[in-house]
Amino acid sequence: QPALEGDSSLADRARTLRWVDSLIGAALVSRAPDVKWVLPPELRRIARRAPTLADPDHLGQSVMRAPGLRQLPEPLHSNLRGLVALAGGRYAFIPAALGLSRDGAGIVKAELAVVMADARRGDVPWRTVASGTGPTPREAVRAALASMLPLGSGAP
């Protein structure tokens, strides 16, 4: 993800990836606490302990931003199937792409493309592109996540 012009804090891909992962993880856990989420830090630990698994940050998941894909392509499917099996699940929530832009007034827009995939079968039963705006990249990403995972009326 290229950095927003003038925002050097987003220039480092690895740091930006971990930052966005933390925002997504916090949103998933707080908005769907009944699900047993295995978040990226744990997936990275699992992958390090199993040398035949690919690095979870480099599986090629960005290909999933293509709206017409209904099946996980190879080698993403094989790698994801192994990782999810070791994590003790079946489905994977895949952040495929994050786009950040700033308009002329300085408002940041975030567009987050995500899919839910059945790691065993390779099916993609759900996908969305969540959008949000805010004065900072953090607030824009949080707004996008809130639009995708609403808390309901009256919730903070």
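Above this note sits the structure.
Residues numbered from 1 in each chain as written. Predicted model: local features only at pLDDT ≥ 70, side-chain atom pairs only at ≥ 80, totals over all residues. Heavy atoms only, no water.

J.: Give a description of the nonpolar core that names residues and reports values.
T.: Residues Leu53, Met64, Leu72, Leu80, Leu83 and Ile94 are the most contacted members of the largest nonpolar core, which totals 22 residues. Secondary structure elements with two or more residues in this core: helix H2 (40-49), helix H3 (76-87), strand S1 (91-102) and strand S2 (108-118). Per-element accounting of this core gives the leading share, five residues, to H3. (Core = buried A, V, L, I, M, F, W, Y, C linked by side-chain atoms within 4.5 Å. Buried < 20%, exposed > 50% of the residue type's maximum accessible area, 1.4 Å probe, protein only. Helix = DSSP H or I, 4+ residues; strand = E, 2+ residues; numbered from the N terminus.)

J.: Could you give an account of H3, naming the residues involved and the relevant values?
T.: Between its first and last C-alpha atoms H3 spans 16 Å; for twelve residues at 1.5 Å apiece the expected length is 16 Å, and the two agree. Of all the positions in H3, only Leu76, His77, Leu80, Leu83, Val84 and Ala87 are classed as buried. Across the axial projection of H3, the buried residues extend over an arc of 135°, all falling on one side. Within H3, the exposed residues directed more than 90 degrees away from the buried face are Ala85 and Leu86. Those residues of H3 hidden inside the fold are in contact with H2 and S1. Trailing H3 by a residue or two, Gly88 shows a phi angle of about 85°, which is positive. (Expected span 1.5 Å × (residues − 1). Arc of directions from axis to C-beta. Contact = heavy atoms within 4.5 Å.)

J.: So what's going on with the environment of Leu43? Which residues, and what values?
T.: Assignment of secondary structure puts Leu43 in helix H2. Exposure remark for Leu43: the relative accessible area of 19% places this residue in the buried category. Taking the C-alpha atoms as reference points, Leu43 and Asp57, 14 residues apart in sequence, are found 9.5 Å from one another. When near neighbours in sequence (up to four residues on either side) are disregarded, Leu43 contacts Val38, Pro56, Leu83 and Ala87.

J.: Which residues make up the layout of surface pockets, and what values go with them?
T.: Taken as a whole, the largest pocket holds about 1,200 Å³ of empty space. Elements with a minimum of two residues in the lining of the largest pocket: helix H1 (13-31), H2, H3, S1 and S2. (1 Å grid on protein atoms, 1.4 Å probe; cavity = no way out; pocket = protein on both sides within 12 Å on 5 of 7 lines; lining within 4 Å. Points joined across faces, edges and corners; volume = space filled by probe spheres on them.)

J.: For the packing of aromatic side chains, give the residues involved together with the corresponding values.
T.: For the coordinates displayed, the defined rule picks out one aromatic pair. Residues Trp37 and Phe93 carry aromatic rings whose centres are separated by 6.2 Å and whose planes lie at 80° to one another, so their mutual orientation is edge-to-face. One end of the pair, Trp37, is in the loop between H1 and H2; the other, Phe93, is in strand S1, and 56 residues separate them in sequence. Judged by relative accessible area, Trp37 falls into the partly exposed class, the value being 25%. Residue class for Phe93 comes out buried when judged on its relative accessible area of 18%. (Phe/Tyr/Trp six-rings, centres within 6.5 Å; stacked < 30°, edge-to-face > 60°.)

J.: Pulling in residues and values, what's your account of the packing of H1 against helix H4 (residues 137-148)?
T.: Contact geometry for H1 and H4: axes closest at 10 Å, N-to-C directions at 35°. Considering how the two elements wind past one another, H1 and H4 form a crossing that is right-handed. Every residue of H4 that contacts H1 at Trp19, Leu23, Ile24, Ala27 and Arg31 is listed here: Pro137, Arg138, Val141, Arg142, Leu145 and Ala146. Grouping the constituent residues of the contact of H1 with H4 by class yields eight nonpolar, no polar and three charged. (Axes fitted to C-alpha atoms, helices over the stretch in contact; angles between N-to-C directions. Left-handed = near helix turned anticlockwise from the far one by under 90°. Nonpolar A, V, L, I, M, F, W, Y, C, P; charged D, E, K, R; others polar.)

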